Amino acid sequence: MKYAQIRKYDVANGTGIRTTIFVTGCTHDCHNCFNKLYQDFNYGEEWTEKQTDLVISYLKEDMVGGLSILGGEPFQNSKALTQIVKDIKKEVDKSIWIWSGYTYDEIIKDEEKKELLKECDILVDGRFVEELKNLALKFRGSSNQRIIDIKESLRENRIVEIDQI
């Protein structure tokens, strides 16, 4: 798996101060995607144990509230990311937000994607739709995208959206 960047401190992608990973590779090709460059699966650097250790060190800082994973498309990197997230969770117990152009329903139908989903806490789902762009929305770009409580959704076997953040 390749990644484009790791942000030690990020306040734009999730609540509080977070560490953020941007993976590369995405086939959704959403019109006016804000990370067009990251759609290329060959862009960026190869992820190694060194990056996992670096992210863990950032997450161990008291001021950092959790991890955010964006792309590209994280769920098109599911297999590698699932192991990375599991390795991180062995060392740090903080919330994990993940963004995807796939919807929750699409993700849970695919066992490999669902494994990654189960390791995370919050999902921002759905493709970016230019016609539904809304700059007033928190943590998402278009009004079709939802902020979903993954654990509650899996437990209740229905989508549980988070309204107040």
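Higher on the page you've got the structure.
Fair warning: this is a prediction, and the values are worked out from it, not measured in the lab.

Thresholds, definitions, all that
- Residues numbered from 1 in each chain as written.
- Predicted model: local features only at pLDDT ≥ 70, side-chain atom pairs only at ≥ 80, totals over all residues.
- Heavy atoms only, no water.
- Pairing = 2+ DSSP bridges.
- Helix = DSSP H or I, 4+ residues; strand = E, 2+ residues; numbered from the N terminus.
- Contact = heavy atoms within 4.5 Å.
- Axes fitted to C-alpha atoms, helices over the stretch in contact; angles between N-to-C directions.
- Buried < 20%, exposed > 50% of the residue type's maximum accessible area, 1.4 Å probe, protein only.
- Right-handed = clockwise from strand over helix to strand, strands pointing away.
- Core = buried A, V, L, I, M, F, W, Y, C linked by side-chain atoms within 4.5 Å.

J.: I tried to follow the sheet that holds strand E7 (residues 146–149) on my own but got confused; where do I start?
T.: Here 7 strands make up an open sheet; going across it, the order is E3-E1-E2-E4-E5-E6-E7 and the pairing mixed. Across the chains shown, the open sheet's two edge strands, defined by having one partner strand only, are strand E3 (45–46) and E7. Taken together, the 4 bridges between strand E4 (residues 66–70) and strand E5 (residues 95–99) define a ladder with parallel strand orientation. Following the sheet pairing, Gly-66 is matched in E5 by Ser-95. Here helix H1 (residues 49–59) sits on the sheet and contacts strand E1 (2–10), strand E2 (18–23), E3 and E4; the angle it forms with E1, its principal contact strand, is near 15°.

J.: Sorry, what's going on with the environment of Gly-65 here?
T.: Within the element layout of this structure, Gly-65 appears in the loop between H1 and E4. Of the residues examined, Gly-65 reaches a relative accessible area of 40% and is grouped as partly exposed. In the structure, Gly-65 is positioned 56 residues away from Tyr-9 in sequence and 9.8 Å away in space, judged by C-alpha atoms. Contacts of Gly-65, omitting those with residues within four sequence positions, involve Ile-17, Arg-18, Lys-94 and Ser-95.

J.: In this structure, what is going on with the pairing of E4? I would like to understand it.
T.: Across a regular strand the side chains alternate sides, sitting on one face of the sheet and then on the other. Burial of E4 is extensive: 5 of the 5 residues sit out of reach of the surface. Of the two faces of E4, the one holding Gly-66, Ser-68 and Leu-70 and the one holding Leu-67 and Ile-69 are both buried throughout. Since E4 and E5 lie parallel, the crossover through helix H2 (residues 78–91) that links them has a hand, and here it is right-handed.

J.: Explanation requested: the nonpolar core in the structure shown.
T.: As a rule of thumb, soluble globular proteins bury nonpolar side chains together. Membership of the largest hydrophobic core comes to 30 residues, with the highest contact counts inside it found for Trp-47, Val-55, Leu-67, Phe-75, Ile-98 and Leu-123. For this core, the secondary-structure elements that each account for two or more residues are E1, E2, H1, E4, H2, E5, helix H3 (104–108) and helix H4 (111–118). Residues within four places of Leu-67 in sequence aside, it is in contact with Arg-18, Thr-19, Ile-21, Val-55, Leu-59, Ile-88, Ser-95, Ile-96 and Trp-97. Within the second largest apolar cluster, 9 residues are counted, among which are Leu-70, Ile-122, Val-124 and Ile-147.

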